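Now for the letters of each chain:
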Amino acid sequence: MSASDARTRLLAPSTVRGMALVLCAGGIIGMIVTSIVDQIDAALTFGFVGAVGALSLLLVGILVPAVEAATSLDEKRAGRGGGRDTAPGGRRRQRGRPAGHSADRR
């Protein structure tokens, strides 16, 4: 992990996954207990809590690999000296007039 990545990251993905698992487990346990006690409103509330936990697990599972792939791509480009003046093959473009441009055309 680079220094800039460590400064911008608020929580580690493993922490978010752990909190999401706690939400899922708490939601399931809450639904079971409140259903036994015959509190349907509370069971629905715990169902939504479990659904939020499952949704956060899905989002972390999708977004973390995508962000890491984009970061590694940016680091490759930065290391190779890429930028606006780099051709698709990594070759440096010639600065000056574009191809087919003639100074004596009027």
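In the block above lies the structure referred to throughout.
The text that follows walks through the structure, step by step, so that each part is easy to find. (Residues numbered from 1 in each chain as written. Predicted model: local features only at pLDDT ≥ 70, side-chain atom pairs only at ≥ 80, totals over all residues. Heavy atoms only, no water.)

**Describing the overall build of the chain**
Alright, step 1. For the chain, the count of helices and strands is 3 helices and 0 strands.
Alright, step 2. Counted from the first residue to the last, the chain has its helices and strands arranged as α-α-α.
Alright, step 3. In the chain, the proportion of contacts linking residues at least 24 apart, taken out of those at least 6 apart, comes to 44%.
Alright, step 4. Surface exposure of the chain reaches about 8500 Å², of which carbon and sulfur atoms provide 63%. (Helix = DSSP H or I, 4+ residues; strand = E, 2+ residues; numbered from the N terminus. Contact = heavy atoms within 4.5 Å. Areas by Shrake-Rupley, 256 points an atom, 1.4 Å probe, with all protein chains shown as cover.)

**Section: the environment of Val33**
Alright, step 1. Examined against the element boundaries, Val33 turns out to sit in helix α2 (residues 13-36).
Alright, step 2. Spatially, the C-alpha atom of Val33 lies 8.0 Å from that of Ala43, the residues being 10 residues apart in sequence.

**A closer look at α2**
Alright, step 1. For α2, built from 24 residues, the straight-helix expectation of 34 Å at 1.5 Å per residue is met to within 8% by its first-to-last C-alpha distance of 35 Å.
Alright, step 2. For α2, every residue scored as buried is listed here: Pro13, Ala20, Cys24, Gly27, Gly30 and Thr34.
Alright, step 3. Of the residues one or two after α2, Asp38 is the one with positive phi, at around 70°. (Expected span 1.5 Å × (residues − 1). Buried < 20%, exposed > 50% of the residue type's maximum accessible area, 1.4 Å probe, protein only.)

**Thoughts on the side chain of Thr34**
Alright, step 1. Mapping Thr34 onto the fold places it in helix α2.
Alright, step 2. Looking at Thr34, the relative accessible area reads 11%, which means it is buried.
Alright, step 3. Ignoring anything within four residues of it in the chain, the contact list for Thr34 reads Gln39, Ala42, Ala43 and Phe46.

**Observations regarding a nonpolar patch on the surface**
Alright, step 1. Nonpolar side chains collect at one region of the surface, where Ile28, Ile29, Met31, Ile32, Val33, Ile36, Val37 and Phe46 lie side by side and expose about 750 Å² of accessible area between them.
Alright, step 2. The biggest single contributor to the nonpolar patch is α2, with 6 residues.
Alright, step 3. By secondary structure assignment, the location of Ile29 is in helix α2. (Patch = residues over 30% accessible without salt bridge, like charges linked within 9 Å, V, L, I, M, F, W, Y side chains within 5 Å. Salt bridge = Lys/Arg side-chain N within 4 Å of Asp/Glu carboxyl O.)

**Overview of the environment of Ala54**
Alright, step 1. Here Ala54 lies in helix α3 (residues 40-80).
Alright, step 2. According to the relative accessible area criterion, Ala54 is partly exposed, its value standing at 34%.
Alright, step 3. Along the primary structure Ala54 and Ala25 are separated by 29 residues, whereas in three dimensions their C-alpha atoms are 9.8 Å apart.

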